[in-house]
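# Report on the structure
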Amino acid sequence: MTETEVAILGGGLAGLNAARLLHRAGVDVWLYEARDRLGGRILTVNAAGEPDTDGFDLGPSWFWPEMQPAIGALVAELGLPSFAQHGEGDVVFERMSREPPHRLPGLDQEPRSLRLAGGSAALIRALAAAIPPDRLRTGARVTALRLREDGVELSLRLADGRDETMRAGQVVAALPPRLLERTLRFSPDLPPETRGLWRETPTWMAPHAKFFALYDRPFWRAAGFSGTAQSMVGPMPEIHDATTASGQAALFGFLGVAAAERARMGEAALTKACLAQFARIFGPEAAGPRATLWKDWAADPLTATEADPLSAGHPTPAETWVQGPWRDRLTLAGSEVSPREAGYLAGAVEASERAVAVVSRRLQDQTGAGA
């Protein structure tokens, strides 16, 4: 049986940053990710929808280092280049279907939204590079945690169907609390107040879907548009320029159609409706993209539960995320548990840093007690 000081559940931004910090401090750590890739809700893909080093962010894309110093410091530490979200030009507002879109002069945004060159997955690649590759296991889903006198026993289901067991002194769960509550068995069980708190905490991005249209050139810029639009007509209430730092032209929008209705309509019908909206706002050239991309996070079982489409919004900070017998062995580190930036990239950084501080103190206390 594999044994380690710390096992981390989840290979997104929070899990990888926690693993990096613990490894740098000399702690023996293993990370387990159920997907066949690292990144979690961070997913940067090319025109074919495959993960890429220069593509389009189907998950989170923006950060604001002036307001979110934790993410700004991490980006600077990793030496990752960034660029400002394009905002020069007119914005468009659609108020009613029976009237044409309103074109208005754009306003300077302060502070500017920033994006990472190469997409948000640049963070994932840089963090993973700082951790021994044999300690990062993808396609490994943790299904159960059993509390032992000397630590925690983890049950794993591998991608090939095999089961494994490993033991850790501490467990860091870098997953959304609601997903953790829904997909893991705990022995002994969680206290009702802890289980209820996790169940009631919304998972950021889980109810949402994004649509991208990719073009040979950003023609809207030449026409004086910023690429930003707001709509009360839909199907996308919010639209932005998604052109990459390398110049790959694209527009994207958040879907305003509820998850259940998206499932009923299907991707083909939604793609047709979204392209019609782009053409309505930016002209007929928008109707003929070279490719389209679509990601419905509500349909992703490793992101959303059946409760998520019904409860959009940012999570509410809690004083204590784990109570009862698990309190000294299990620490939550996903973005949702950040006290200030819950749901954002910055929240994942803050929550992981706080979790590492807690776990490090516990390990030191255990070392001192055994001396």
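Residues numbered from 1 in each chain as written. Predicted model: local features only at pLDDT ≥ 70, side-chain atom pairs only at ≥ 80, totals over all residues. Heavy atoms only, no water.

## Some remarks on the pattern of salt bridges
Considering all chains together, one arrives at 27 salt bridges under this definition. Across the pair Arg-280 and Glu-94 runs a salt bridge whose closest N-O atoms are separated by 2.6 Å. Of this pair, Arg-280 sits in helix 8 (residues 267–282) while Glu-94 sits in strand 6 (residues 90–94), and the two are 186 residues apart along the sequence. Judged by relative accessible area, Arg-280 falls into the partly exposed class, the value being 37%. Note that Glu-285 and Arg-217 form a salt bridge whose closest N and O atoms lie 3.0 Å from each other. With a gap of 68 residues between them, Glu-285 in the loop between helix 8 and strand 18 (291–296) and Arg-217 in the loop between strand 14 (209–215) and helix 6 (219–222) connect regions that are remote in the sequence. The class for Glu-285 is partly exposed, based on a relative accessible area of 37%. Under the relative-accessibility criterion, Arg-217 is labelled partly exposed at 42%. The network of salt bridges with shared partners includes Glu-33, Arg-35, Lys-295 and Asp-300. (Salt bridge = Lys/Arg side-chain N within 4 Å of Asp/Glu carboxyl O. Helix = DSSP H or I, 4+ residues; strand = E, 2+ residues; numbered from the N terminus. Buried < 20%, exposed > 50% of the residue type's maximum accessible area, 1.4 Å probe, protein only.)

## Some thoughts on the packing of aromatic side chains
Centre-to-centre distance and the angle between the planes together describe a pair of aromatic rings. Following the criterion strictly, the structure yields 14 aromatic pairs and no others. Aromatic side chains Trp-30 and Tyr-32 sit 6.4 Å apart centroid to centroid with 15° between the ring planes, which places their arrangement in the stacked category. Take Trp-30: its relative accessible area is 16%, and that puts it in the buried class. An aromatic cluster of at least three residues, connected via ring pairs, comprises Phe-56, Trp-62, Phe-212, Phe-252 and Phe-254. Over the ring of Phe-225 we find Arg-103, and its NZ or CZ is 3.9 Å from the ring centre. The cationic tip of Lys-210 hangs over the ring face of Phe-252; the distance from NZ or CZ to the ring centre is 4.5 Å. (Phe/Tyr/Trp six-rings, centres within 6.5 Å; stacked < 30°, edge-to-face > 60°. Lys NZ or Arg CZ within 6 Å of the ring centre and 35° of its normal.)

## Observations concerning the domain arrangement of the chain
Considered domain by domain, the chain is made up of domain 1 (4–42 + 123–204 + 310–369) and domain 2 (84–116 + 209–296). The C-alpha centroid of domain 2 is placed 35 Å from the C-alpha centroid of domain 1. (Domains from an automatic or database assignment.)

## Some thoughts on the UniProt feature "domain: Amine oxidase" (unreviewed entry) in the chain
When the UniProt feature table is mapped onto this chain, "domain: Amine oxidase" (unreviewed entry) is found at residues 13–94 and 109–359. Span residues 13–94 is 27% helix and 21% strand, its end C-alpha atoms 36 Å apart. (UniProt positions renumbered as here; feature names shortened; annotations may be inferred.)

## Some details on the side chain of Thr-244
Positionally, Thr-244 belongs in the loop between strand 16 (238–241) and strand 17 (249–254). With relative accessibility at 7%, the residue Thr-244 sits in the buried group.

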